[in-house]
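Tertiary structure, described
Residues per chain, in single letters:
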Amino acid sequence: MGESEGDSLLKDGLAKALARAGLPTPDALRRLTGGATMESWRFVSGGEDFVLRRAPSPAFMEERPYGHDTEAAIIRAAREQGVTAPEVIAELEPADGIGSGFIMRALPGTPDPRAILAMEDPAQLLREAARDLALIHCIAPSDLPSDIPTLDYAEGVGKLREQFEDAGGDRPIIALGLRWLMDNLPDPVEPVLNHGDYRLGNILCEDSHLTGVLDWELAHFGDPHEDLAFGCMPVWRFGAYDRPALGFGSLDDYFAAYEENGGGKVDPARFRFWTIYRTVWWALGCLRNAQMWRNGDDRMLERVVISRRTSEQELDLLLLLEEDMPDELRAGRLERIDPGLVYQHVEKGEASLGEIATAVSEWLAQMKDKVSGHDRFQLAVARNALGMIAREDNPLHVAIHDRELCDDIFTGEITLETGDLLNEMRMAALEKTTEDVPKYPSLAVARSKWLGDN
């Protein structure tokens with residue numbers, strides 16, 4: 001199979017950048033899977049493996065507070081500090097003709113969360129992850145570029161509210177989370193460098209050792225608890241729900257290792273605030289993926305599928321928010337839903353949309369061994385998308401969109417303790433997550449709490 005024109009242009013541009021670093025022309029260029037915002041390409045030069053990280057289009061850089069030159073400088077400063085960060089060897093220049101980005105020496109290990117979670121010594125991985133996060137938070141501002149922003153907490157919540165309105169302003173559970181954030185803003189602390197995306201999926205591991213910290217594009221100054229909390233969200237534990245610290249172990253062990261390696265004293269209240277903040281943040285980030293697809297900024301199928309993962313965060317957010325409810329409300333049970341009723345379909349006449357989606361999904365399953373690399377990943381995404389269509393094709397769909405209710409939540413007229421709102425939101429969250437991501441681990445936890453399922 002011949003080299004495409006796009007790959008040829010990319011290879012030529014890489015050759016120019018590598019020449020500035022004294023390295024020969026690249027070979028064995030291949031696109032890596034994953035990467036919700038930036039592209040990653042692996043290649044060989046002079047017998048060594050390297051990775052190119054670049055923006056897939058100029059639109060991806062427009063809203064970022066700094067460019068790839070600053071991101072590369074942050075990575076270099078982290079590596080100098082002793083963080084297990086990659087070695088940046090060259091930045092792309094306009095004359096290279098392949099966009100914005102930089103080249104790193106490849107590190108050993110896998111980024112696959114499930115492979116990492118299956119390693120023999122998760123306690124060791126927990127200690128090493130805590131150590132690297134503490135080292136990141138200890139990097140002196142004087143060793144970093146001057147254009148790295150500092151997150152103002154109130155301004156951050158305000159921007160989340162703006163994103164909420166831009167996305168339709170009609171998701172009551174997210175509105176409840178935003179209202180909670182507005183009412184519970186913590187006092188500022190001395191800001192430290194935050195990685196901004198420190199979690200499974202953005203670290204490399206091998207033989208129960210941390211070998212790399214990747215994806216620094218969201219780095220900023222702020223409360224260290226934000227970094228601590230983000231990687232502990234259920235969505236980033238990839239099924240290890242009972243191990244809340246990055247999927248590796250307990251929060252007590254994580255906090256102790258962080259403090260022992262130079263991190264500050266962990267405040268559980270601040271940790272909770274940032275857990276809720278980042279859950280709202282990612283819920284809105286999921287919604288934004290659909291708008292990126294609609295606008296034509298990126299027509300990758302993964303965008304529309306990620307947008308439907310908003311329901312995961314709504315479910316997790318509701319589980320967090322109800323912790324503040326009186327015991328008698330929180331302990332209430334929903335009436336059990338008969339799955340046979342919820343997913344009852346007409347079995348005669350023309351095929352439903354769900355049946356059509358299922359048929360296409362089954363055909364794609366037969367094709368998976370005929371594709372590889374990023375195409376195989378995209379095929380899996382396509383099957384997930386078809387599964388969403390099939391599961392939503394039922395007459396008892398529960399709506400979770402309500403603009404007027406959201407307005408009343410923001411004015412304070414309605415809270416989770418008003419009327420039967422808690423149970424209504426529970427029902428909607430269960431229904432929506434079951435349609436979108438039926439294997440999401442929090443779903444079983446919510447069913448156990450709300451329905452009494454074992």
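First, a word on scope: everything that follows refers to the structure included in this document.

Rules behind the numbers
- Residues numbered from 1 in each chain as written.
- Predicted model: local features only at pLDDT ≥ 70, side-chain atom pairs only at ≥ 80, totals over all residues.
- Heavy atoms only, no water.
- Helix = DSSP H or I, 4+ residues; strand = E, 2+ residues; numbered from the N terminus.
- Buried < 20%, exposed > 50% of the residue type's maximum accessible area, 1.4 Å probe, protein only.
- Contact = heavy atoms within 4.5 Å.
- Areas by Shrake-Rupley, 256 points an atom, 1.4 Å probe, with all protein chains shown as cover.
- Salt bridge = Lys/Arg side-chain N within 4 Å of Asp/Glu carboxyl O.
- Pairing = 2+ DSSP bridges.
- Axes fitted to C-alpha atoms, helices over the stretch in contact; angles between N-to-C directions.

Focus: the overall build of the protein
Within the protein one finds 19 helices and 9 strands. Taken across its 454 residues, the protein has 49% of its residues classed as buried. Taking contacts inside the protein between residues at least 6 apart in sequence as the whole, the part at least 24 apart equals 72%. Total accessible area on the protein stands at roughly 21200 Å², and carbon and sulfur atoms take up 51% of it.

Quick notes on unusual backbone geometry
Positive phi outside glycine occurs at Ala28, with the angle close to 55 degrees. Backbone geometry at Phe238 places phi at a positive 50 degrees, although glycine is not the residue there.

Topic: the pattern of salt bridges
Within the structure shown, the criterion is met by 30 salt bridges. Notably, a salt bridge pairs Lys159 with Glu155, separated by 3.3 Å at the nearest N-O pair. Separated by 4 residues within a single helix, Lys159 and Glu155 lie in helix 6 (residues 153-166), roughly one turn from each other. A residue is classified by how much of its surface remains accessible, and Lys159, at 44% relative accessible area, is partly exposed. A network of salt bridges, in which partner residues are shared, links Arg53, Arg64, Glu71, Asp215 and Glu217.

Quick word on the sheet that holds strand 5 (residues 101-105)
Spatially, 5 strands are ordered 1-2-3-5-4 in an open sheet, and the strand pairing comes out antiparallel. Among the strands making up the open sheet, the edge pair consists of strand 1 (27-31) and strand 4 (88-91). For this sheet the average axis-to-axis angle between neighbouring strands, irrespective of direction, equals 20 degrees. Where strand 3 (residues 48-54) lies against strand 5, 5 bridges are found, and the strand directions are antiparallel. What sits directly across from Arg54, in strand 5, is Gly101. Against the sheet, helix 3 (residues 68-81) engages strand 3, strand 4 and strand 5, with an angle of about 165 degrees to strand 4.

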